[in-house]
Amino acid sequence: MVEFGWQQYTPYFNDGEPCHFGIDRLWVRTTADRPDADPDDLRVGRYEDPHPTLGWRGWEAGREWPYTGADEPRYERVRALADALAEGGFDDVLLDAFGDHATVTVRRDGIAVQFYEHD
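Each value, and the rule that gives it
- Residues numbered from 1 in each chain as written.
- Predicted model: local features only at pLDDT ≥ 70, side-chain atom pairs only at ≥ 80, totals over all residues.
- Heavy atoms only, no water.
- Helix = DSSP H or I, 4+ residues; strand = E, 2+ residues; numbered from the N terminus.
- Rg over C-alpha atoms; globule rule 2.2 N^0.38 Å.
- Buried < 20%, exposed > 50% of the residue type's maximum accessible area, 1.4 Å probe, protein only.
- Areas by Shrake-Rupley, 256 points an atom, 1.4 Å probe, with all protein chains shown as cover.
- Lys, Arg positive; Asp, Glu negative; His and termini not counted.
- Charge placed at Lys NZ, Arg CZ, Asp CG, Glu CD.
- Salt bridge = Lys/Arg side-chain N within 4 Å of Asp/Glu carboxyl O.

Undergrad: Looking at this model, I keep getting lost on the overall build of the protein. Mind explaining?
TA: The helix and strand tally for the protein stands at two helices and six strands. Counting from the amino terminus, helix and strand elements in the protein follow one another as β-β-β-β-α-α-β-β. At 15 Å, the protein has a C-alpha radius of gyration in line with the 14 Å of a compact globule built from 119 residues. Expressed along its principal axes, the backbone C-alpha trace of the protein runs to roughly 40 × 40 × 25 Å. When each of the 119 residues of the protein is scored for burial, the buried share is 34%. Put simply, the protein shows about 7,600 Å² of open surface, and 51% of that area lies on carbon and sulfur atoms. Side chains of the protein give 12 positive and 25 negative charges; the mean places of these two sets differ by 8 Å.

Undergrad: Please explain the pattern of salt bridges as it appears in this structure.
TA: Oppositely charged side chains are able to pair whenever their charged atoms sit close together. Scanning the model with the defined rule gives ten salt bridges in all. Its salt-bridge partner being Glu-76, residue Arg-57 comes within 2.3 Å of it at the nearest N-O pair. Remark: Glu-76 occurs in helix H1 (residues 72-86) and Arg-57 occurs in the loop between strand S2 (22-29) and strand S3 (59-60); sequence separation between them is 19 residues. Using a relative accessible area of 13% as the deciding quantity, one classes Arg-57 as buried. Here the salt bridges do not stand alone but share partners, grouping Arg-25, Asp-40, Arg-43 and Glu-48 into one network.

Here it is as structure tokens:
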């Protein structure tokens, strides 16, 4: 893995329900991915499209599909990270560490945080 990242924020509106901080759009860039690939094309998670180099295990109608790709163990490790972040157990720590309305990128040489205005 070359780098990975996500967006974290508290939505401003949630159809009348309370708005809670969370993680969204986890992406992973491997050594086989193009260096200029858009992170939106490198997303990993239960409801995401297939990752170009890690493969995919789709989810539909309450069931998971068989894995398609070249390296299932690697995909499973990345998917475990995506699922752990999506479940919200680290939300307090991530909010304290990186702030609200932030894009976080993790590389071997450090972590970059870019803040943004949420629409």
